[in-house]
Each structure stands twice: as C-alpha cells, then as structure tokens.
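Architecture and fold: a report
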Amino acid sequence: MNKVNATRQNTMQHIVDKLPAVIFEYTVFPDGSRDFTYVSPRCKEILGLSQEIILSGVLPIRSFIHPEDWEDFSRSTETSIAATTEWKWMGRILYENKETWVETNGTPTQMEDGRVAWSGLITDITSRMDSEQRQRHAERSYRNLLEQIPLGVGIHKNGKLIYVNEYALKMMAARTPEDMIGKNVIDFVHPQYREIAISRVKKALDGETAPVMEEQYIRVDGKVIDVEVSSHPFTYEGEPAVQVIVKDITDKKVAQETIRKAETLFSQLFQNSPFAIVMLNDKGAVVRINKGFEEMFGFTGEELSGKELNQFIVPDALESEGNDLNSLITSYRVIRIETHRIRKDTSPLSVIIYGVPVHLDDTTIGIFGVYVDITERKKVEEELKIRNTELDNFVYKVSHDLRAPLSSVLGLVNLASLPGNDDNLKEYLPLIGQKVRQLDHFISDVLSHSKNLKLDVKIGKIDFENVIHQTFKDLSYLEGANSIRKEIAIEGVDFHSDPWRIAEIFRNLISNAIKYRNLGHPAPSIHIFIKQTPQAAEIIFKDNGIGIDASNRIRIFEMFYRASEQSEGSGLGLYIVKNAVDKLGGEVTVESEAGQGTSFTIILPNLVSSLENP
Ligand code: ADP
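Everything in this summary refers to the structure shown in the same document.

When its secondary structure is counted, the chain shows 18 helices and 22 strands. The globule rule puts the C-alpha radius of gyration for 614 residues at 25 Å, and the 54 Å found for the chain is more than 25% above it. Along the three orthogonal principal directions, the C-alpha set of the chain runs to about 185 × 55 × 45 Å. Within the chain, the fraction of its 614 residues that count as buried is 40%. Sequence separation of 24 or more characterises 54% of the internal contacts of the chain that already satisfy a separation of 6 or more.

In structure tokens:
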C-alpha cells in the first residue's frame, strides 16, 4: 500500500468514525447462520451498544430492539433476507433503559463464496422524531400487528372502508383490497342485520364499544357467512372512525347446527320409542327416562332424576340381582336379562332388560336400559302350559272315563245277546241308562269347561233367587235333591256379573252338596247366604255332608280330581267353578272337615261399574 492510499484510507476511517451514523455489515452465511460482521465504533455513542458486544454475538438482536417494534423489525429483516432486497426499517433500540429512534438502510451484495452481506447505515433520528412522527410510527406498527392476528379487522370512516387487514380480505373472499376499500361498509352486512349494525356504528362513533354480537355478512362473492362482530371507537389520522373486529363463525355455526340436529334426532327417538328407556350416568344415577318408561312404571322423570333406579323398581326379593345395569359401568357388553320389576303402585311386571353401555374415548359415559314388558306374554305362556297339561290329562281321562261306561254298556249288550240268557232284559235298562247318563255328564262338563275358556264375560244383572230356584229345578233328577233341606238368605244391593258363569258355579256347588250329603244324617241340608254390596258379592254354600279331609281338600280344585268313593262324577265340577270365578275376577275358598260338612265361600266383584262405563 502506498502512502497516498494509506492516507486516504486513514481519512476514510476518520470520516466513518466521525459520521453521525453507524456503518454496518450484516452477513447471511450459506449455512443459514447470520450475524453482524462489521459495525463502526460510534455504535457505542449512537446505540449505546459497544462494537465488541455487537460483533461478539453474545446478545441476541431481539434483546436490544424495543419490544413493541420487534414484530416489525423481524418481519422487515426476514422479508429482505428471503428476497435479497434492500433492508429499510425505522424503530426503537432499547438497551439498558436507553431508547433510541433509528432508521436503517442496507443493500445486499451477493459474494462469490455464497455469502450475502447487507451493508449500510444505522442513523440516530431520535431528535428528529416529533410527536406526529411517533404517532405515525405507532399507527404503522399497529397496522403491522393487525396484519398478524387471525381476526378480520376493518376501519371505516364516514361509512366507507378505509382499511381492511389481510385476514379480512380472505374472509370476505376479496381478491384485491380494492374489492373492499372505499366501499360502503353497510353493504357487506346482511340486510337482516343492517338496522342494528347502523345503530352499533353510531354507538362506536359516540365513543362507546359495541360489544360482540352475532351477525351475517355478505362476502364479495355473494356468499353469506356467520360472524361475530364488535365495533370500537378509533381515531384515524386525527379523525373519528370505527374499527370493526370480525370473527368468521360459519364453520362453528354449521357444527352447532349439526350437533343440534343430531341431538333432536336422538331425543325424538329416545322420547317416542315404543320401549321404556332409562339413561343412567357413569355413576349409575338416572339422567333421563322416556315417555314409555313413565307409562310402564308410573314414575315421572323428576321422581327418578339423579336417584338410584334399583331402589324404585327392583322387588325386594330380587335386590341381590338388582345391580344388573350398574354393573355395566365398567363393561363393554350389551346384556339381556329376563326378570321381574315393580311399578310405582308395586304391581309386578315381567320384563326383558337390555343394558347398553355407552363409551367415549375408552370411558363409560352412561348406560341405556331398555325395558320390554313381557307380562302379557308370560301370562299367555303360563296359560298355554296349563292348557297343555289339561290336554295331556284329558287324553288320559278320555281313554279311561269315556271308555269305562261304554265298556259296561257293551258288556251288558253282549250279555243280553248270549244264547240261553233268560234274564229279564228289561232289568239291564236302568244299568245302561246310568252309564249313559254318566257319559252324558262327563261330556257336558267338558263342554262347559271349554265354553268357560272361550266365552267372553257378558255382564247382566243377577237375580240370585231365580238362579237358585232354577238350579234346584234342573237338579231335581238327582237322588236326594228333593229331600235336602234348603236355607237361603239373600241381602244387599243389585249385583252384576256374567249370568252364564254364575249359573255354572251354582249348578256345580249345589249338585255337590246334594251328591256328597251324609247318607247317615237325619236331616241333610244346604245353606246359601248371599251378601251383595256395590263392590262385591259374598256367596257362601254350606252343607252338613260328608266333608273333605285335609289331604284331599288342597286338591279338589284340580282337573279330574275326585276325592270320594261316593263320586260318580267327572272330577271337573270344582275345576269349572275355580276357572269361572277366576274369569269373573273373584276368589273361591273352602273350609271342610271329614264328617262335619263343607263350606265354600266365593267373593265376586260387582261388575256394575264396567257396565255403566263401558
Ligand atoms: P266330582 O265330579 O267328583 O263331583 P268335583 O270337582 O265337583 O268332582 O269335586 C271334586 C271332589 O271334591 C269330589 O270328588 C268330592 O270328593 C269332593 N267334594 C266336592 N264338593 C264336596 C262337598 N260339598 N262335600 C264333600 N265333598 C265334596
């Protein structure tokens, strides 16, 4: 280096050192790392930061940029680094509580080794910054901030939009700011909300914030969107304006609507299902019951809500089994149980319960209990069982009881036709007659039973006196019928029931009193006491006949059961009585002792009420 050059360089250095600015070089290396590679010494004076500190890189740049200006700083550097363009920035350096306004200007140079170096000046402009400039800077940084936030922001003055942020443009499907800037702000509001929007703008112009409310906006492309809007008073370039902050909630609305629909679908299904359904929470307490459940069990939703279901509908005897639905809290299985439950009025129910645990993310959030009332089905099954047993008995009985008298008759006929039989054949006739009558009774008892099963209850007024009179008349052919002493007492109000079944009951019980009278007794008798009330009739048949011993007493109502040698009957009479009384909704009981006589007591409901209110 010659002397002239050396002197020039010294002079240059001198100028640089004396400049009221900092000269810098900032390098971005090919590996992406970056740092200051040169700053002139006056940085200490101007920025308050020594050359060593800056060049050593011990302090990250962020630590000496004013926090309010950092966003802006980092965005401007990133942009010029990414595009290798000139870097211009104005903002504040803050170091050890000293605030310095600076303006920076750097030009990039691409080096051969792949580095890019920005060199330029950092000038202290603190003294130049008057209040208006500071204000403008603040506005600019604020706007920069607005461009960052994920909310639509617009500013309007005199009804016209003067600013919209990037986010708002996207939200409103605007391709360029011109699609919105300068336009009437109210045109973007759905007509349905214009009136309220105008009043909110006024409010903001009066210096009050119009709080968040839901409105609808019309986008540039005409599509309607749901938004949440708040309007705030704002000063723009010294004049009153309104700043609007907008959040697009269209997706949220759609999701809400989908949820609402799903909920409606579910609750309609739940509520109107023909089954009784209860929803339990994860603790096993009742959350909800449906109409079907209320109808089946007689409880209201309020009565059960939040309570433990089992204590209301599980019969005492089944308490140990009662944990069924609750046991599903930890289960993934659907269960099916056939069991009994009770209604609010404690009447029993046969039910099938389906228990369905509901899971969300691996935890049980609730349980559905679906109840199907099978009481009627159970009844029919029971009835069917009884009829099947009857049928079995019947086949057996028919083969025996029908064939026995027929064989006797056949025997007598064979005897009569024997060659050389010189008996007076007429003597056979009463024997044959008796057997045929026996057969006839058997068949009419079977028919009577079948009729009782099939025939609907037909209600009419019962004239007990006439029933008794007619029965004795019909039974007058029975031996002893006319000599038996009758004592009859009837009292009370009108009574209604099924005349045919009443007649059947009387025919069987009176004929039994006659048939099973005590042949050794000087004065066989039958007493019939009847007491009628608006609710029921109590009918007592009391005789002084042979009586029934304890072991037989419990079986006399069975089909084909005969308890006496004296019986020539079918063993169906009391079975018919019991069935008829059941059909009429009544009860029959017997008291008897061998040799002492028998007393049947029948209680029948007065069916007058169902006659009056068919
Ligand atoms: P049956 O055709 O044998 O009369 P029922 O069903 O009418 O059949 O009676 C069953 C049995 O009960 C009879 O066989 C008889 O032993 C006994 N029984 C019924 N009524 C009386 C009565 N009033 N006194 C004594 N025993 C009776």
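From this point on, the discussion continues.
Another aspect to go through is the packing of helix 13 (residues 428-454) against helix 17 (residues 573-583). Between helix 13 and helix 17, the shortest axis-to-axis distance is 10 Å and the interhelical angle comes to 15°. By the criterion of interaxial angle, the relationship of helix 13 to helix 17 is roughly parallel. Of the two possible hands of crossing, helix 13 and helix 17 adopt the one that is left-handed. Residues Asp-445, Ser-448, His-449, Asn-452 and Leu-453 of helix 13 lie in contact with helix 17, whose contacting residues are Tyr-575, Ile-576, Asn-579, Ala-580 and Lys-583. The class makeup of the residues in the contact of helix 13 with helix 17 is four nonpolar, four polar and two charged.

Around the ligand, the structure places 20 residues, and the nearest of them are Tyr-516, Asp-543, Ser-567, Gly-571 and Leu-574. The contact in question runs from an oxygen atom of the ligand to an N or O atom on the backbone of Ser-570, over 3.1 Å. Contact with the protein chains removes 98% of the 520 Å² of surface that the ligand exposes when unbound. Residue assignment for the shell around the ligand shows that the elements contributing at least two residues are helix 15 (499-515) and helix 17. Looking at the shell around the ligand, its residues break down into eight nonpolar, nine polar and three charged.

Structurally, Arg-92 is set in strand 3 (residues 87-95). Given a relative accessible area of 10%, Arg-92 falls into the buried group. In this structure the side chain of Arg-92 is engaged in a polar contact, spanning 3.2 Å, whose partner is the side chain of Glu-68. If sequence neighbours within four positions are ignored, Arg-92 has contacts with Phe-64, Ile-65, His-66, Glu-68, Asp-69, Glu-99, Thr-100, Trp-101 and His-137.

Attention now goes to unusual backbone geometry. A positive phi angle is found at Thr-84, which is not glycine, with a value near 50°. Of note, Thr-84 is situated in the loop between helix 4 (67-83) and strand 3. Take Thr-84: its relative accessible area is 36%, and that puts it in the partly exposed class. Backbone geometry at Phe-560 places phi at a positive 65°, although glycine is not the residue there. Judged by its relative accessible area of 6%, Phe-560 falls in the buried class.

Turning our attention to helix 4. Because each turn of an α-helix spans 3.6 residues, side chains separated by three or four positions in sequence point in the same direction. Taking 1.5 Å of rise per residue, 17 residues should cover 24 Å, and helix 4 covers 25 Å from first to last C-alpha, within 8% of that figure. Every buried residue of helix 4 is accounted for by Asp-69, Trp-70, Asp-72, Phe-73, Ser-74, Ser-76, Thr-77, Ser-80 and Ile-81. On the buried face of helix 4, the contacting elements are strand 1 (21-28), strand 2 (34-39), strand 3, strand 5 (116-124) and helix 5 (131-148). Once helix 4 finishes, Thr-84 follows within two positions and takes phi at roughly 50°, a positive value.

In this fold, Pro-357 is placed in strand 14 (residues 348-360). Looking at Pro-357, the relative accessible area reads 10%, which means it is buried.

With that settled, the discussion passes to the pattern of salt bridges. If you walk through the whole model with that rule in mind, you get 30 salt bridges. Asp-69 is the partner of Arg-92 in a salt bridge, and the nearest nitrogen-oxygen pair spans 2.9 Å. Placement of the pair is Arg-92 in strand 3 and Asp-69 in helix 4, with a sequence separation of 23 residues. Both residues of the pair, Arg-92 and Asp-69, count as buried. One salt bridge connects Arg-128 with Glu-103, and the closest N-O pair in it is separated by 3.5 Å. Linking Arg-128 in the loop between strand 5 and helix 5 with Glu-103 in strand 4 (residues 98-110), this pair joins segments that are 25 residues apart in sequence. Overall, Arg-128 belongs to the partly exposed group, its relative accessible area being 46%. A residue is classified by how much of its surface remains accessible, and Glu-103, at 31% relative accessible area, is partly exposed. In the salt-bridge network here, residues are joined through shared partners; they are Arg-336, Glu-338, Arg-377, Lys-378 and Glu-381.

For the coordinates displayed, the defined rule picks out three cavities of 30 Å³ or more. In this structure, the largest cavity encloses a volume near 260 Å³. Together, 23 residues line the largest cavity, and His-156, Val-185, Tyr-217, Val-244 and Val-246 are the ones closest to its centre. Mapped onto the lining of the largest cavity, the elements with two or more residues apiece are strand 6 (152-157), strand 7 (160-164), helix 6 (166-171), helix 7 (191-205), strand 8 (210-218), strand 9 (224-236) and strand 10 (239-248). Of all the elements, strand 6 adds the most residues to the lining of the largest cavity, at four residues. The calculated volume of the second largest cavity comes to roughly 140 Å³. Lining the second largest cavity are 16 residues, with Phe-36, Phe-64, Phe-73, Ile-93 and Ile-122 sitting closest to its centre. Put simply, the parts of the chain that give the lining of the second largest cavity at least two residues each are strand 2, strand 3 and strand 4. Looking at the lining of the second largest cavity residue by residue, the classes come out as 15 nonpolar, one polar and no charged.

Glancing now at the packing of aromatic side chains. Following the criterion strictly, the structure yields 19 aromatic pairs and no others. Ring centres 5.7 Å apart and planes at 85° place the aromatic pair Phe-73 and Trp-87 in the edge-to-face group. Taken together, the residues span a long stretch of sequence, with Phe-73 in helix 4 and Trp-87 in strand 3 at a distance of 14 residues. Note on Phe-73: relative accessible area 8%, which makes it buried. The aromatic ring of Phe-472 is capped on one face by Lys-486, whose charged end is 4.7 Å from the ring centroid.

Thresholds applied
- Residues numbered from 1 in each chain as written.
- Predicted model: local features only at pLDDT ≥ 70, side-chain atom pairs only at ≥ 80, totals over all residues.
- Heavy atoms only, no water.
- Helix = DSSP H or I, 4+ residues; strand = E, 2+ residues; numbered from the N terminus.
- Rg over C-alpha atoms; globule rule 2.2 N^0.38 Å.
- Buried < 20%, exposed > 50% of the residue type's maximum accessible area, 1.4 Å probe, protein only.
- Contact = heavy atoms within 4.5 Å.
- Axes fitted to C-alpha atoms, helices over the stretch in contact; angles between N-to-C directions.
- Parallel < 35°, antiparallel > 145°, perpendicular 65-115°, else oblique.
- Left-handed = near helix turned anticlockwise from the far one by under 90°.
- Nonpolar A, V, L, I, M, F, W, Y, C, P; charged D, E, K, R; others polar.
- Near = heavy atom within 4 Å.
- Polar contact = N/O pair within 3.5 Å; in protein donor to acceptor, adjacent residues only side chain to side chain.
- Areas by Shrake-Rupley, 256 points an atom, 1.4 Å probe, with all protein chains shown as cover.
- Expected span 1.5 Å × (residues − 1).
- Salt bridge = Lys/Arg side-chain N within 4 Å of Asp/Glu carboxyl O.
- 1 Å grid on protein atoms, 1.4 Å probe; cavity = no way out; pocket = protein on both sides within 12 Å on 5 of 7 lines; lining within 4 Å.
- Points joined across faces, edges and corners; volume = space filled by probe spheres on them.
- Phe/Tyr/Trp six-rings, centres within 6.5 Å; stacked < 30°, edge-to-face > 60°.
- Lys NZ or Arg CZ within 6 Å of the ring centre and 35° of its normal.

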